[in-house]
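# Understanding the architecture of this molecule
Here are the chains, one letter per residue:
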Amino acid sequence: MILGHLIGFTLGILLDRIIGDPQGFPHPIRLIGALIGWLDKKLNKEPVRNTGSQDHVDQEHVKEDQRKLIVLGGFTWLIVVFVTAVVATVILFVAYRFHVACGIVVEAVLTCYILAAKSLSDESMKVHKAMEAANGGDLTEARKALSMIVGRDTENLDEAAITRAVVETIAENTSDGVIAPLIYTFLGGPVLGFAYKAVNTMDSMLGYHNDRYEYFGRAAAKLDDVFNFIPARLSALMMVLAAFFGGSDYSGKRAFAVFKRDRYNHKSPNSAQTESACAGALGVRLGGDSSYFGKLVHKPYIGDDTRPVERADIKRAARLMFLTEYLWVAVLLALGIVLTVFG
C-alpha cells in the first residue's frame, strides 16, 4: 500500500509539472467552492444586530448574534472538511478495489489536482507577458491578469506595484498552494490533501474581516492558520536553502537574514514566512500599504530595498518556488523509500 501511494504521489507531482490545471477541465476545488458557497448562503443569513445603543440588553443581543455566526461558521467548516474527505476516500477505495493500477492512476490524478505549482506559475507569467506587451504603455491587461490571482484592488497599480503583487503571491502560495498540500498529501494521500485544500479554500472564500464574514468566517481563518503553521515555516526554511542553490540571482545568506527579521511582518502568522525568505533571496522589498475593496490597508514592509523591483523578479520568484518544491519532493521521496523498504 505504501509503494502504491508513493508511485501515485510521484506521478501526481509529474502531472502537475507537465499539465497543471488545463483550461476547461472540471476541477474538484470548484466543487468544494460550490459547497462552501451554498452553505454560506444557507447559514450566513442574519447580520449582527447593531443598534448603537449602550443598553445592556442590546449589547447582549449583539454578542448572541456574534456567537451564533461563529458557531455556524464552525459547523460549515466541519461539514465541508468531512464531505471532502469522505468523497476522496470513497473514490480511492473504489479505484483500489477495482485494481491496484487503477488506484495508482486515480491517486496520481487527484494529487495533480491538489498541487498548484504549474498553474500558479502560468497565471503569474500571464501578468509578466502582459507587462512585456505593454512595454511601459497601457497596463490594463496586466492589471486584469493580476486581478485573477490577488485580492487587492489593481486598477491604479503601476508596473512596480504589479510586479511586487505577483512576487508576493508566488512567495505566499509557495507554502499554501505547493508545499503544504505536498506534505499533507504525502502524509495522508489525497484524502488528507483534499481536506487541506478544503480548509484553504474556506479561508480564501470566508476568511475576511468585513461585515459579512467577521464572525461567520472566523473558524475558517483561524483553522487555516493552524493547518499552515508548520508547513509555512518548513516552506520558508527550504526556500532559504533553495536560494543557496539557485545561482547568482539569489542570496541564501540574505534570505535567511530577512526571514529571521521579517517573518512576522504580516497580520497572518504564516504569510510573511515565505514572503520574507523570497524578498531576502531576491534583494527586494515587498509588502507595504495596499487597497482592498476600496479601503487602504496599512501593512509593514518585508525585505530591504536593495534594488528596485523589476519585471524579471516574477520569473525569479517562480523559479525559486519550483526549486523549493523540488527540494521538498526529494526529501519526501527519500523518506517514502525508507518507509517502503523498512516499513
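Residues numbered from 1 in each chain as written. Predicted model: local features only at pLDDT ≥ 70, side-chain atom pairs only at ≥ 80, totals over all residues. Heavy atoms only, no water.

With that out of the way, let us pick up the environment of Ile13. When you line up the elements, Ile13 lands in helix H1 (residues 2-18). Residues Ile13 and Leu187, spaced 174 residues apart in sequence, show a C-alpha to C-alpha distance of 15 Å. Leaving out residues up to four positions away in the same chain, Ile13 has contacts with Thr111, Leu115, Leu182, Glu325 and Val329. (Helix = DSSP H or I, 4+ residues; strand = E, 2+ residues; numbered from the N terminus. Contact = heavy atoms within 4.5 Å.)

Right, let's talk about a nonpolar patch on the surface for a bit. On the surface, Phe82, Val83, Val86, Val87, Val90, Ile91, Phe93 and Val94 cluster together into a nonpolar patch covering about 690 Å² of accessible area. In this structure, Val86 sits in helix H3 (residues 56-98). (Patch = residues over 30% accessible without salt bridge, like charges linked within 9 Å, V, L, I, M, F, W, Y side chains within 5 Å. Areas by Shrake-Rupley, 256 points an atom, 1.4 Å probe, with all protein chains shown as cover. Salt bridge = Lys/Arg side-chain N within 4 Å of Asp/Glu carboxyl O.)

The next point concerns the packing of helix H8 (residues 218-245) against helix H9 (residues 252-262). At their nearest, the axes of H8 and H9 sit 7 Å apart, and the two run at 155° to each other. By the angle between their axes, H8 is roughly antiparallel relative to H9. Contacts from Ala236, Leu237, Val240, Ala243 and Phe244 of H8 reach H9 at Gly252, Lys253, Ala255, Phe256 and Phe259. Per-class residue counts for the contact of H8 with H9 are eight nonpolar, one polar and one charged. (Axes fitted to C-alpha atoms, helices over the stretch in contact; angles between N-to-C directions. Parallel < 35°, antiparallel > 145°, perpendicular 65-115°, else oblique. Nonpolar A, V, L, I, M, F, W, Y, C, P; charged D, E, K, R; others polar.)

As for its placement among the helices and strands, Lys299 is situated in the loop between strand E3 (295-297) and strand E4 (301-302). No salt bridge is formed by the buried Lys299; its nearest oppositely charged neighbour, Glu168, is found at 4.5 Å. Every residue in contact with Lys299, bar those within four places of it in the chain, is listed here: Arg152, Gly288, Asp289, Ser290 and Tyr292. (Buried < 20%, exposed > 50% of the residue type's maximum accessible area, 1.4 Å probe, protein only. Lys, Arg positive; Asp, Glu negative; His and termini not counted.)

We now examine H8. Between the first and last C-alpha of H8 there are 39 Å, a value that for 28 residues agrees with the 40 Å anticipated at 1.5 Å per step. In H8, a bend of some 45° at Asn228 exceeds every other bend along the element, and Pro231, a proline, comes one to four places later. Directly beyond the C-terminal end of H8, a positive phi value near 100° is found at Gly247. (Expected span 1.5 Å × (residues − 1). Bend = angle between axes of the 7 residues up to and from the residue.)

Moving on: the packing of aromatic side chains. Across all of its chains, the model carries seven aromatic pairs by this definition. Judged by centre distance (6.2 Å) and plane angle (20°), the rings of Phe322 and Tyr326 are stacked. Of this pair, Phe322 and Tyr326 both sit in helix H11 (residues 312-342), four residues apart, which is roughly one turn of the helix. Among the residues examined, Phe322 registers a relative accessible area of 9% and is labelled buried. The class for Tyr326 is partly exposed, based on a relative accessible area of 40%. An aromatic cluster of three or more residues is present, and its members are Trp77, Tyr184, Tyr196 and Phe227. Note that Arg233 overlies the ring of Phe229, its terminal NZ or CZ placed 3.6 Å from the centroid. (Phe/Tyr/Trp six-rings, centres within 6.5 Å; stacked < 30°, edge-to-face > 60°. Lys NZ or Arg CZ within 6 Å of the ring centre and 35° of its normal.)

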